[in-house]
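Structural description and commentary
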Amino acid sequence: MKFSNEEIIQFLQSKTGSEVLFEVDRYNVIQAEIPVHQLYKTMNLLFKDLEFKISNLIDLCGIHYPENKGKELGVVYHLQSLQYKILLRLKVFVPIEKPDVPSITGIYAAANWMERETYDFYGINFLGHPDLRRILNMDEMVDFPMRKEFPLEDPFREDKADFHFGR
Amino acid sequence: MHTNLEYKAEFLNPDMPEIPYSILNLGPTHPATHGIFQNVLKMDGERIISGEQTIGYIHRAFEKIAERRPFYQITPLTDRLNYCSAPINNTGWYLTVEKLLNIEVPKRVDYMRVMVMELARVADHLICNSILGVDTGALTGFTYVYQYREKIYEIYEEICGARLTTNMGRIGGFERDFSPKVFELTKKFLVEFPKVWREFENLLTRNRIFMDRTIGTGPISVERALNYGFTGPNLRAAGIDYDIRSHSPYCSYEEFKFDIPVGTTGDTYDRYVVRNEEIWQSLSLIEQAIKKIEACEPGVFHADEDKYYLPPKQEVYRNMEALIYHFKIIMGEIEAPVGEVYKAVEGANGELGFYLISDGGRSPYRLHFRRPCFIYYQAFPEMVQGQMLSDAIVVMSSMNVIAGELDA
């Protein structure tokens, strides 16, 4: 049995309410931006649901958009239904001054290190995480290096100035 | 031995009088861990009470570096993820970019990719299983089969000139056609290797000592494995037939005939047996791929995408358009479409995913590698809890944790 995208979206809407808008992108991935206060509830409902079985956390990563005021930092979740081949992408955005996102380690054990990695690189504070420490960088580090305010190369270097090709 | 880390593990029962447990630092550079991993184990004699891993010793900030590089320069970064099977990583990255750029590659390229990817899978599983033999005390099998990894590397060398970090292929295909020697070497490999591998299996698979060491060691249930995000052979050993090659086929895998082996208990022995069987399936896939390549029109080895595929050098010197495209590609003038792509391939030890966000520039806005090792290595303390120290070594090598992929 295979569900059509409309059926899946209808099902997802019933779990989240009309506040969230689901859409299908051109690669047949259902995605939505979801408010932070609904995240844990939605994840939990999806995990426990036995009809669509979107209960496999594939990927979790952070993202930083400095221009989106009030929604600078984000977390992207990829969920999958192994049985029905559904790929779902959920995003939450939080302000950079108070980057608090509920942790989903209570639902997925796999989220533990993924959230630690996201904290390590973006400084997103996962509330309720059992052990939120840095994981890949050293413990003494104070910055969150994947944020866009840390460019990879020093843009003011004179010896590599290359005005013609837009470096 | 003591560690300077603050150790947080709880005692099993707080009412119990405090037993002097010992803390053992396994690693970071222990010869038995095959890479730079630190495990702080809490031991009761030789039993493991609990453990905690420290990772990140070879973190190289690939995701950050990728944000400044044009797409074709990110391939060498993917080489260094799981360096035991670099061609799979390369192809996974190309498939992601091709999905973003909407490039259709010819069938022959698909088959060529299948051929190198399955060779890489054989090389990876070969190392994992023979090292598992070494960790249980059987060095002979390892020294015997290891020269066949060398033969695979000779095939890589003939295809692209490199051996370990291959940087094989280009966006849209390969940089050059496979020479006749590639097929010659591969066919020779397909004749010689099965005999050797059969002999290796005879040494280990029904060996009493090996079975006693591995059966029931480091088991994981299906539910826990799924919850921990297991993929690849480790998940299949626990009993779920999730293989991306058949779940959501890429590179024309739907045209190939292969079986997906599954285990039952998810212990070390099951992982070993599943990997063994996958080697046989891969060998059959290579054979099918060669047949399919030979049935195709010869000389097709890339997609006709002037905008993304470098023109041949002799054209660049003689032809105006080719020169322009060469210049634009090399200088990163060609801009990618805006979009978000998640593409996963079946890596040698699990689902290797690439999450690419392009904002239209020459390099990705954000690139995230979904590294299978990083996700399933979390389960290690749970799997070795209550087992012996020597079992922990065996479990670790059977999980096939590769440091480069773990730390990215």
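Attention in this report is confined to the structure presented alongside it. Keep in mind it's a predicted model, so treat the numbers as computed, not measured.

Here is what the cut-offs are and how they apply
Residues numbered from 1 in each chain as written. Chains lettered and ligands numbered in written order. Predicted model: local features only at pLDDT ≥ 70, side-chain atom pairs only at ≥ 80, totals over all residues. Heavy atoms only, no water. Helix = DSSP H or I, 4+ residues; strand = E, 2+ residues; numbered from the N terminus. Rg over C-alpha atoms; globule rule 2.2 N^0.38 Å. Buried < 20%, exposed > 50% of the residue type's maximum accessible area, 1.4 Å probe, protein only. Areas by Shrake-Rupley, 256 points an atom, 1.4 Å probe, with all protein chains shown as cover. Lys, Arg positive; Asp, Glu negative; His and termini not counted. Charge placed at Lys NZ, Arg CZ, Asp CG, Glu CD. Contact = heavy atoms within 4.5 Å. 1 Å grid on protein atoms, 1.4 Å probe; cavity = no way out; pocket = protein on both sides within 12 Å on 5 of 7 lines; lining within 4 Å. Points joined across faces, edges and corners; volume = space filled by probe spheres on them. Nonpolar A, V, L, I, M, F, W, Y, C, P; charged D, E, K, R; others polar. Phe/Tyr/Trp six-rings, centres within 6.5 Å; stacked < 30°, edge-to-face > 60°. Lys NZ or Arg CZ within 6 Å of the ring centre and 35° of its normal. Core = buried A, V, L, I, M, F, W, Y, C linked by side-chain atoms within 4.5 Å. Buried area = accessible area lost by both parts, 1.4 Å probe. Salt bridge = Lys/Arg side-chain N within 4 Å of Asp/Glu carboxyl O. Polar contact = N/O pair within 3.5 Å; in protein donor to acceptor, adjacent residues only side chain to side chain. Pairing = 2+ DSSP bridges. Axes fitted to C-alpha atoms, helices over the stretch in contact; angles between N-to-C directions. Disulfide = S-S within 2.5 Å.

It is worth spelling out the overall build of chain B at this point. Per the secondary structure count, chain B includes 17 helices and six strands. Against the compact-globule benchmark of 22 Å for 408 residues, chain B has a radius of gyration of 23 Å, which places it among compact chains. Along the longest, intermediate and shortest principal axes, the C-alpha atoms of chain B span 85 × 45 × 35 Å. A burial count over chain B gives 60% of its 408 residues as buried. When the accessible surface of chain B is totalled, it reaches about 16,000 Å², and 53% of it is carbon and sulfur. Of the charged side chains in chain B, 43 are positive and 55 negative; the average position of the first set lies 3 Å away from that of the second.

All names here are of chain A. Tracing the backbone shows Met43 in helix α2 (residues 36-48). Along the sequence, Met43 and Glu23 sit 20 residues apart, while their C-alpha atoms lie 18 Å from each other. For Met43, the residues in contact, after removing those within four places along its chain, are Tyr77, Leu79, Leu90, Ile104, Ile107 and Tyr108.

We now examine empty space enclosed by the protein. Evaluated as defined, the whole model comprises five cavities of 30 Å³ or more. Taken as a whole, the largest cavity encloses approximately 60 Å³ of empty space. Around the largest cavity, the lining residues are Glu117, Phe121, Leu136 and Met146 of chain A together with His59, Ala61, Phe62, Glu63, Lys64, Arg371 and Ala408 of chain B. The element contributing the most residues to the lining of the largest cavity is helix α1 (residues 62-66) of chain B, with three residues. Partitioned by chemical class, the residues of the lining of the largest cavity number six nonpolar, one polar and four charged. Reported here for the second largest cavity is a volume of approximately 50 Å³.

For the coordinates displayed, the defined rule picks out 31 aromatic pairs over all chains. On the numbers, 5.9 Å between centres and 75 degrees between planes, the contact of Trp113 of chain A with Tyr377 of chain B is edge-to-face. Here Trp113 of chain A is found in helix α3 (residues 111-122), whereas its partner Tyr377 of chain B is found in the loop between α14 (372-376) and α15 (380-384) on a different chain. Through successive ring pairs, a cluster of aromatic residues spans Trp113 of chain A together with Phe37, Phe374, Tyr377 and Phe380 of chain B. Here Arg198 of chain B stacks its cationic end above the ring of Trp280 of chain B, 4.4 Å away from the centre of that ring.

Counting residues in each nonpolar core, the largest one holds 181 residues, and the members touching the most others are Tyr77 and Leu90 of chain A together with Phe230 of chain B. Examining the composition of this core, we find that 15 residues originate from one element, helix α4 (residues 107-135) of chain B, more than from any other.

Contacts between the two partners involve 46 residues from chain B and, on the opposite side, 48 residues from chain A. Taken over both partners, the interface formed by chain B and chain A buries close to 4,100 Å², and the fraction arising from carbon and sulfur atoms is 55%. Taken together, the connections running from chain B to chain A amount to five salt bridges. Residue Lys91 of chain A pairs with Glu340 of chain B through a salt bridge whose shortest N-O separation is 2.6 Å. For the interface between chain B and chain A, the tally reads 24 residue pairs in polar contact (both at pLDDT 80 or more). Element by element, the count of residues in the side of chain B that touches chain A is highest for strand β4 (residues 339-347) of chain B, at four residues. Of the residues that constitute the side of chain B that touches chain A, the class distribution is 20 nonpolar, eleven polar and 15 charged.

So, about the sheet that holds strand β5 (residues 350-358) of chain B. Residues and elements named next belong to chain B. Strand order in the open sheet formed by three strands is β4-β5-β6, with antiparallel pairing between adjacent strands. Whereas interior strands pair on both sides, the edge strands pair on one side only; in this sheet they are β4 and β6 (366-370). Across the sheet, the mean angle separating the axes of adjacent strands is 10 degrees when strand polarity is ignored.

Going through the model one piece at a time under the given rule, you end up with zero disulfides over all chains. Not part of a disulfide, Cys373 of chain B finds its nearest cysteine sulfur in Cys84 of chain B, a span of 9.4 Å.

With that settled, the discussion passes to the sheet that holds strand β3 (residues 47-54) of chain B. All names here are of chain B. Reading across the sheet, the three strands line up as β1-β2-β3 and stay open at both edges, with antiparallel pairing between neighbours. Only two strands of the sheet have a single partner each, and these edge strands are β1 (22-26) and β3. On average, each strand axis in the sheet is inclined to that of its neighbour by 25 degrees, with strand direction left out of account. Both strand β2 (residues 38-44) and β3 contribute to a ladder of seven bridges, which runs antiparallel. Paired with Val40 across the strands is Glu52, a residue of β3.

Any functional reading would require information beyond the geometric quantities listed.
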